[in-house]
Amino acid sequence: QVQLVESGGGLVQPGGSLRLSCAASGSIFSIYAMGWYRQAPGKQRELVAAITSGGSTNYADSVKGRFTISRDNAKNTVWLQMNSLKPEDTAVYYCNAFILTVVADKKNYWGQGTQVTVSS
């Protein structure tokens, strides 16, 4: 079994910052890409940022220059530092990881989601 546990969401004013964390645990052999997605009410889930095990990153155009993704491979943890937050960043943020388990099963795993609300 593999679990992704997120933390760090909340309510913040426009221009503020939040840092999301996601820790993977369980029967993990290795983790390939890790990333953050978000889903706003009435909209499709979209990629926010992703990072490979080697540290290569990819960002949605809407967050470039404001958000930074990072990871610690030894701790199976990924973070999303969100600065200069805007109301349109309001969404449920989901952690995602593509994992090879100890029984050689490759699979995409999702966290439970954490709410980020940007409002004055």
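Anything mentioned here points back to the structure above.
What comes next concerns the included structure. Note that the structure is predicted; figures quoted are calculated from it, not measured. (Residues numbered from 1 in each chain as written. Predicted model: local features only at pLDDT ≥ 70, side-chain atom pairs only at ≥ 80, totals over all residues. Heavy atoms only, no water.)

**Thoughts on the overall build of the protein**
Which entries qualify depends on this criterion: Strands here mean DSSP runs of E at least two residues long; helices mean DSSP runs of H or I at least four residues long; both are numbered from the N terminus. For this measure, only C-alpha atoms enter the radius of gyration; the expected value for a globule follows 2.2 Å times N^0.38, where N is the number of residues. Burial here depends on accessible area, computed with a 1.4 Å probe over protein chains only, as a share of the maximum for the residue type. Under 20% is buried, over 50% is exposed, and the range in between is partly exposed.
A tally of helices and strands in the protein yields zero helices and eleven strands. In sequence order, the secondary structure elements of the protein are arranged as β-β-β-β-β-β-β-β-β-β-β. At 14 Å, the protein has a C-alpha radius of gyration in line with the 14 Å of a compact globule built from 120 residues. Each principal axis of the C-alpha atoms in the protein carries an extent, and together these give about 50 × 25 × 20 Å. Taken over 120 residues, the protein has a buried fraction of 42%.

**Some thoughts on the sheet that holds strand 1 (residues 2-7)**
The condition that has to hold: Following DSSP output, two strands are said to pair if at least two bridges run between them. Whenever a helix is involved, its axis is fitted only over the stretch in contact; in every case the axis is a line through C-alpha atoms, and angles between N-to-C directions fall within 0 to 180 degrees.
Strand order in the open sheet formed by four strands is 1-3-8-7, and the pairing between neighbours is antiparallel. On the outer flanks of this sheet lie strand 1 and strand 7 (67-72), each paired with one strand and no other. With direction set aside, neighbouring strand axes in the sheet form an average angle of 15°. Relative to strand 8 (residues 77-82), strand 3 (residues 18-26) runs antiparallel, the two sharing six bridges. Its bridge partner being in strand 8, L18 is matched across the sheet by M82.

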